[in-house]
Amino acid sequence: MTDTAANNRPRAILPALERIYLPLDTLAETLLRIVAGLLLVTHGYGKILDPFGAAGMVEGLGFYPGVLSATEFFGGIFIAIGFLTRPAAFAATIVLLVTVYFHGIVQGQGLGGAEKSILWAAITFFFAIRGANSQSVDAKIGRQF
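This is a predicted model, so every value here is computed, not measured. (Residues numbered from 1 in each chain as written. Predicted model: local features only at pLDDT ≥ 70, side-chain atom pairs only at ≥ 80, totals over all residues. Heavy atoms only, no water.)

So, the overall build of the chain
Condition: Secondary structure elements are defined from DSSP: runs of H or I of at least 4 residues count as helices, runs of E of at least 2 residues count as strands, and each element is numbered from the N terminus. Remark: exposure states derive from per-residue accessible area (1.4 Å probe, protein chains only) relative to the maximum for the residue type, with buried under 20%, exposed over 50%, and partly exposed in between. Any pair of residues with heavy atoms lying within 4.5 Å of one another is described as a contacting pair.
The helix and strand tally for the chain stands at seven helices and zero strands. Along the chain, helices (α) and strands (β) appear in the sequence α-α-α-α-α-α-α when read from the amino end. A total of 145 residues make up the chain; the buried ones form 34% of that total. Contacts in the chain between residues far apart in sequence, at least 24 positions, make up 66% of those at least 6 positions apart.

Spelled out as structure tokens, the structure:
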């Protein structure tokens, strides 16, 4: 194994399974990034259709500028294709933390209402720190933020 990430992992209890896990490592991370990005796009699509309504709602919570709520749509596209992955994922994380506040505190839904936003924030935070992998536009142009 020459992959440095693979060398830093604990050895598998069933070594034969490493032949399955290691080749799928990049694929699994890419799939998570694409699915997360595309789901953010679909979730943010409504905010693009009614940008003033979405911005007004966000600003009504005390977060300015409300137009940043469009981050889910445009950031989702960037995350899905792996372009400017870190800044897009960081911006999405901030927006998702606002939704944690909105659902958990403002609407009084507690953890049950905020859990999806917490999960999404954790996923986008992962990509904000990790960046995109070799299967991304960032990798193809040879630059990451």
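Some thoughts on the confidence of the model for the chain
The line we're drawing: A residue's pLDDT is simply how confident the predictor is in it, with values from 0 to 100.
Per-residue confidence for the chain averages 85 on the pLDDT scale, and 85% of its residues sit at or above 70. Element-level mean pLDDT values for the chain span from 51 in helix 1 (residues 4–7) up to 94 in helix 7 (residues 137–141). In the model, residues 1–6 has pLDDT below 50 throughout and makes six contacts with residues more than four positions away in sequence or in other chains.

Some points on the side chain of T124
Stated precisely, the cut-off is as follows: The definition of a polar contact used here is a pair of N or O atoms within 3.5 Å, where within protein one atom must be able to donate a hydrogen and the other to accept one, and adjacent residues in sequence count solely through side-chain atom pairs.
For T124, the location among the structural elements is in helix 6 (residues 110–130). For T124, the side chain forms a polar contact with the main-chain oxygen of A121, separated by 3.1 Å. With residues up to four places along the chain from it excluded, the contact list for T124 reads L40, I79, A89, A92, T93 and L96.

A look at a nonpolar patch on the surface
As a reminder of what qualifies: A patch consists of residues whose relative accessible area exceeds 30% and which take part in no salt bridge; residues with like charges are grouped when within 9 Å of each other, and nonpolar side chains (Val, Leu, Ile, Met, Phe, Trp, Tyr) when within 5 Å. Only the protein chains shown count as cover for residues, and the accessible areas themselves come from Shrake-Rupley with a 1.4 Å probe. For this analysis, a salt bridge means a side-chain nitrogen from Lys or Arg found within 4 Å of a carboxyl oxygen belonging to Asp or Glu.
Taken together, F74, I77, F78, I81, L84, V137, I141 and F145 make up a surface patch of nonpolar side chains, about 720 Å² in accessible area. Breaking the nonpolar patch down by element, the ones donating at least two residues are helix 4 (71–81) and helix 7. Since its relative accessible area comes to 31%, F78 is described here as partly exposed.

What about helix 6?
Think of an α-helix as 3.6 residues a turn; residues three or four steps apart then line up on the same face. Let me state the cut-off plainly: Residue count minus one, scaled by 1.5 Å, sets the expected span of a helix. Bend at a residue means the angle formed by two fitted axes: the first through the 7 residues ending at that position, the second through the 7 residues beginning there.
For helix 6, spanning 21 residues, the distance from its first C-alpha to its last is 29 Å, which sits close to the expected 30 Å at 1.5 Å a residue. Its axis deflected by about 40° at K116, helix 6 carries its strongest bend there. Considered for burial, the residues of helix 6 that qualify are A114, S117, A121, I123, T124, F127 and A128. Tucked inside the fold, the buried residues of helix 6 contact helix 2 (18–49), helix 4 and helix 5 (85–106). One or two positions beyond helix 6, positive phi appears at G131, with a value near 80°.

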